[in-house]
Amino acid sequence: MAMASSDNAVRSSNFTRALIYLVLILFALFYLLPFGIMLVNSLKPLEEITGGNMIALPQNWTIAPWLSAWSTAQIGVQPTGLRPYFINSIVMAVPAVAISTFVGALNGYVLTKWHFRGATWIFGLLLFSCFIPFQIVLIPMARILGILNISGTAYGLILVHVVYGIGFSTLYFRNYYAVFPTELVRAAQIDGAGFFQIFWRIMLPSSGPIIAVCCIWQFTNIWNDFLFGASFASGGSAPMTVALNNLVNSSTGVREYNVHFAGAIMAAGPTLLVYIVAGRYFVRGLMAGSVKG
Amino acid sequence: MTMLKKLYTGAAVLALSTSAAVAQEVEVLHWWTSGGEAAALNVLREDLAGSGIGWSDMPVAGGGGSDAMTVLRARVTAGDPPTAVQMLGFAIQDWAAEGALANLDALAAEQGWNDVVPAALQAFSTYEGSWVAAPVNVHSTNWVWANTALMEELGIEQPGTWEEFVAAMQAAQDAGYTALAHGGQAWQEATVFDSMVMGVGGPEFYQAAFIDLDPEALGGAQMVEAFDRMTTLRGFVDDNFSGRDWNLASAMVFNGEALFQIMGDWAKGEFVNAGQTAGEEFQCFRVPGTEGTVTFNSDQFAMFNVDDEAEQASQLAMATAVLSPEFQIAFNVVKGSVPARTDIDPASFDACGQLGMAQLAEAGESGGLFGSMAHGHANPPSVQNAMYDVITAHFNGEYDSAVAAEEMVAAVELAQ
Amino acid sequence: MAATDPMLSGGADFRTRLQNWLPKIVLAPSLAVMVIFVYGFIAFTVYLSFTDSRMLPSYGFVGFENYSDLFQIRTWDTAVTNLAIFASLYIVICTIIGLMLAILLDQKIRGEGFLRPIFLYPMALSFIVTGTAWKWMLDPAIGLENTMHLWGWESFEFNWIKDGDMAIYTIVIAAVWQSSGFVMAMFLAGLRGIDNEILKAAQMDGASNFQLYRRIILPQLRPAFLSAFVILSHLAIKSYDLVIALTGGGPGNATALPATFMYSYTFTRNQMGIGASSAVIMLMTIAAIMVPYLYAELREKK
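None of these values were measured; they are calculated from a predicted model. (Residues numbered from 1 in each chain as written. Chains lettered and ligands numbered in written order. Predicted model: local features only at pLDDT ≥ 70, side-chain atom pairs only at ≥ 80, totals over all residues.)

Chemist: I would appreciate a short explanation of the overall build of chain C in the present structure.
Modeler: Across its full length, chain C holds 14 helices and zero strands. Across chain C, helices and strands are ordered from the amino to the carboxyl terminus as α-α-α-α-α-α-α-α-α-α-α-α-α-α. Since a compact globule built from 302 residues should have a radius of gyration of about 19 Å, the 25 Å found for chain C marks it as more spread out than a globular shape. Projected onto the principal axes, the alpha-carbon positions of chain C cover approximately 75 × 65 × 30 Å. Within chain C, the fraction of its 302 residues that count as buried is 48%. Nonlocal contacts in chain C, meaning residues at least 24 apart in sequence, comprise 66% of its contacts between residues at least 6 apart. (Helix = DSSP H or I, 4+ residues; strand = E, 2+ residues; numbered from the N terminus. Rg over C-alpha atoms; globule rule 2.2 N^0.38 Å. Buried ≥ 20, exposed ≤ 12 C-beta atoms within 10 Å, placed from the backbone. Contact = placed C-beta atoms within 7 Å.)

Chemist: Just to check I follow, could you spell out the overall build of chain A for this structure?
Modeler: Summing up its helical and strand segments, chain A has 14 helices and zero strands in all. Along its sequence from the N terminus, chain A presents helices and strands in the succession α-α-α-α-α-α-α-α-α-α-α-α-α-α. When the 293 residues of chain A are sorted by exposure, 58% land in the buried category. In chain A, of all internal contacts separated by at least 6 residues, the share reaching a separation of at least 24 is 76%.

Chemist: Looking at this structure, I do not really get the interface of chain C and chain A. What am I missing?
Modeler: It is common to report an interface's size as the accessible area lost on association of the parts. Facing 85 residues of chain C, the contacting portion of chain A comprises 80 residues. Considered class by class, the residues forming the side of chain C that touches chain A number 58 nonpolar, 20 polar and seven charged. (Nonpolar A, V, L, I, M, F, W, Y, C, P; charged D, E, K, R; others polar.)

Chemist: Teacher, can you tell me more about helix α18 (residues 381-395) of chain B here?
Modeler: For an α-helix, 3.6 residues make a turn, and residues three or four places apart therefore share a direction. The terminal C-alpha atoms of α18 of chain B lie 21 Å apart, and with 15 residues this matches the ideal 21 Å at 1.5 Å per residue to within 8%. Among the residues trailing α18 of chain B, glycine 397 of chain B stands out with phi positive, at a value near 80°. (Expected span 1.5 Å × (residues − 1).)

Chemist: For this particular structure, what's the right way to read the packing of helix α2 (residues 14-42) of chain A against helix α5 (residues 112-120) of chain C?
Modeler: How two helices sit against one another is set out by the angle between their axes and by the gap between those axes. For the pair α2 of chain A and α5 of chain C, the least separation of the axes is 9 Å and the interaxial angle reads 40°. Relative to α5 of chain C, the element α2 of chain A lies oblique. Crossing angle aside, the handedness with which α2 of chain A passes α5 of chain C is left-handed. Residues Leu24, Phe27, Ala28, Tyr31 and Leu32 of chain A of α2 of chain A lie in contact with α5 of chain C, whose contacting residues are Leu115, Ile118 and Phe119 of chain C. Counted by class, the contact of α2 of chain A with α5 of chain C contains eight nonpolar, no polar and no charged residues. (Axes fitted to C-alpha atoms, helices over the stretch in contact; angles between N-to-C directions. Parallel < 35°, antiparallel > 145°, perpendicular 65-115°, else oblique. Left-handed = near helix turned anticlockwise from the far one by under 90°.)

Chemist: Teacher, can you tell me more about the nonpolar core here?
Modeler: Generally speaking, a soluble globular protein has its nonpolar side chains buried in company with each other. Counting 328 residues, the largest nonpolar core has Val132, Trp145, Phe260, Ala302, Met303 and Met387 of chain B as its most contacted members. The biggest single contributor to this core is helix α8 (residues 167-192) of chain C, with 16 residues. Once residues within four sequence positions are removed from consideration, methionine 303 of chain B is found in contact with Ala84, Leu101, Ala102, Leu104, Val132, Ala133, Gln315 and Ala319 of chain B. (Core = buried A, V, L, I, M, F, W, Y, C linked by C-beta atoms within 7 Å.)

Chemist: I tried to follow the pairing of strand β11 (residues 282-286) of chain B on my own but got confused; where do I start?
Modeler: Looking along a regular strand, one sees side chains alternate from face to face of the sheet. Residues and elements named next belong to chain B. The alternating pattern of β11 places Phe282, Cys284 and Arg286 on a buried face and Gln283 and Phe285 on a face that is not buried. For strand β8 (residues 143-147) and β11, the ladder comprises five bridges, and the chain directions are antiparallel. Note that in β11 the partner of tryptophan 143 across the bridge is arginine 286. (Pairing = 2+ DSSP bridges.)

Chemist: Would you explain α8 of chain C in this entry?
Modeler: All names here are of chain C. For α8, with 26 residues, the first-to-last C-alpha span of 38 Å sits near the 38 Å given by 1.5 Å per residue. Its maximal kink placed at serine 179, α8 deviates by approximately 35°. Counting buried residues in α8 gives 23 out of 26 residues, a clear majority hidden from the surface. (Bend = angle between axes of the 7 residues up to and from the residue.)

Chemist: I'm lost on the sheet that holds β8 of chain B in this one. Help?
Modeler: By definition, the strands of a sheet pair up through backbone hydrogen bonds, in either a parallel or an antiparallel sense. Residue and element names in this part refer to chain B. Taken together, four strands build an open sheet; the order of strands is β9-β10-β8-β11 and the sheet is mixed. Of all strands in the sheet, those bounded by a partner on one side alone are β9 (178-180) and β11. Pairwise comparison of adjacent strand axes, ignoring direction, gives a mean angle of 25° for this sheet. For β9 and strand β10 (residues 258-263), the ladder comprises two bridges, and the chain directions are parallel. Paired with threonine 178 across the two strands is alanine 258, which belongs to β10.

Written out as structure tokens, the structure is:
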């Protein structure tokens, strides 16, 4: 990233630079605030919270809420904590992300490098699918999963996420491949390379950045999904968000806010990690094409 | 090592759901996920495990069970309903009308459910005369929770009339306390409104307005007065009430910031959890004006139609266990509610629990036992939520009591 | 872009013909899936909106009754107005903040690698996770207002979440918090993609920084504006968790949005017909805004 900006032609004075830093830091504080509140409260005993002390730092620090949320909190009838549901979420999210990204890559490749009559229409249809409100698909989707006999399983949930992930993954790859030099594809074709050979040998190896963008986007959406997870996979194969919701949203029971916050931060762990670790590829990936249309 | 352990636990959870085909098992959809509730439910699971029946747990919390009902619809549409589902009031009737529920008549006759479950409760557990659900508990919603120390400090006795109740709140307000701890969420406002309607017009009016949905009662002078009482209460609520969770409102009472809270008996759990004892640090009494009556909601396990004979057998075993005195005591002591059976020994319950049990039995005999509108036991969900809209809009000052009564008539008509 | 040049195909042998058909075959499953799972389901919803469905779908035809009922429901009015306020403010503010942060970050800032993930991370969290924290922060008795009072600023007032007329704006604040960083990333990527030679040339011609941005840089960010618009409107229309977590639709029904309305009528109130009709209206609105926009954008590129 630094490489790209080191050559930036725009110059500014010292005063302006101080102002810029100030604004950036103020915004950073704004973005960090809610997370800070969660963190602080997850380290307090419950009496301090119900005692009305919600914003202040803990008087007695404790990590008990974290231990409880991870391994002993009551999610259902058994005090399992969030631990087992982590695995469920990973088992579900990884294939769903991989498949929808792969399909999106193929679609993007076809739509840009093998343009045919009606391709733009098809792209339009795929793109509009991003806007369907998920609430309306619940009942018909349940019926179809029932017919396919994968209702209530991880497979069903993977299918649902792949289906509704294709729109966005296709959008990303199409925009990326649109600026990929078509001459390279032509040349390979003249050399006798087939459709899949070109995809595997030429397109995919140069798609690193956009694969990162697409995976980050899909992973965030799929990991955080609650509606589909609750409807199509509850019980033993329930994902993390459903478990977290069970922990946090009990209606007439005692609420342990500190445990809720600890659980919430844990549930967010993988996505946070993805953003922090892969975040630098993210901007690079967006830069490499997705916003160039 | 830890990784192995993780995988093992994950596998154990998966195993719970996949062993269905082999052994006898019940799959149970419920929203009892908070510590105490879930632990109480575990009593049921262990009971069943004792007779060799597995438990496949399917908890979906949120929205007072409405998320669980959404999931249920997805499961039924997929042709794969759970064995037993926690349900409230009219939902049982709706599913029974769809022909989705199993018939428990033989079991009920054998165990004499008709004699031990109050008739008002049976109205929800049965459909066209047949048992379709096993009642777990009875929550009653017309309770006031009060801070004893504050009452003593202000020199307040338990109020017996609406006027005394208002005077007590006035005294608290004058002394600089919050008189009424309240959370501004539609269902909480409706919970309070239940008691106002019962207090103003008694059982007859409650029946006419909430159950028969008689437009004259809904738009009449008594309804206007019930709304006026809501306005009065609004004057005793602090400024920050809106959106507050009910349990934070309870915390205001046990922390000594507020005098009263009008809330169902689940609030007791919060007080007990804060180390207080019923009848000592905190007190419970019926909302003044509603003495002798009980507005209730009841959690039940509705049993779905299943084809497999082994599954049917485990379903009956579960229904039996639900109505067993041991489970009724174990569960309700934790939950704050009272048993659905009226023949249970009250010794294990605390002061409020015993009071609740006695009053339930009394109200059941005198005909003062009514389903709570706020909790879906007086009218179908469409009507109930239409009423919510009006009650909460009025409480938030969108219109005055006379307009609210008119709106009530219009909204109910539209929802039917 | 026509890559299937007939000149290249040479003879019409099987292999070449297969190569010509392959792209369509590869695309076919996605298309089929879309037709069933998106457009088929939309058709089903349209159908439901004309039936007397309550708890489960049923097939008694009732004509436009659900629609006429829908328009008599006050909450629906509120929900539609709220969506208009929410979506326009949300999209505009996110775009402005995102663009501003991107431009500032692009000034060779030290610690960019540290600040960027801070701006981005809210996108990684769902509101099931952050909802309670936001609720507390916005609550006058607990959060910001109380803190300011404790710090000695007694007259500070921030009680929007408790005020029926202002509560919708707190939803905007939380939503902007969540996605403006993401928009920033898109603009930053756009800025980094601009050819510096052009900028240098313009600077030599004596263009000021402001002119530089207005005349040269912003126009080049057009594709980033498109992506941001598509993604933000998608998020605005689907906003559901946010409202449920923050206000539950209250005070009263002051912060209802069409998505919460639809869910409530379809699943909580057992009035699936009305729920479906509200979904249809929502879809038609989305189509009315998105279709011309997409049409213009996609057409131009040919």
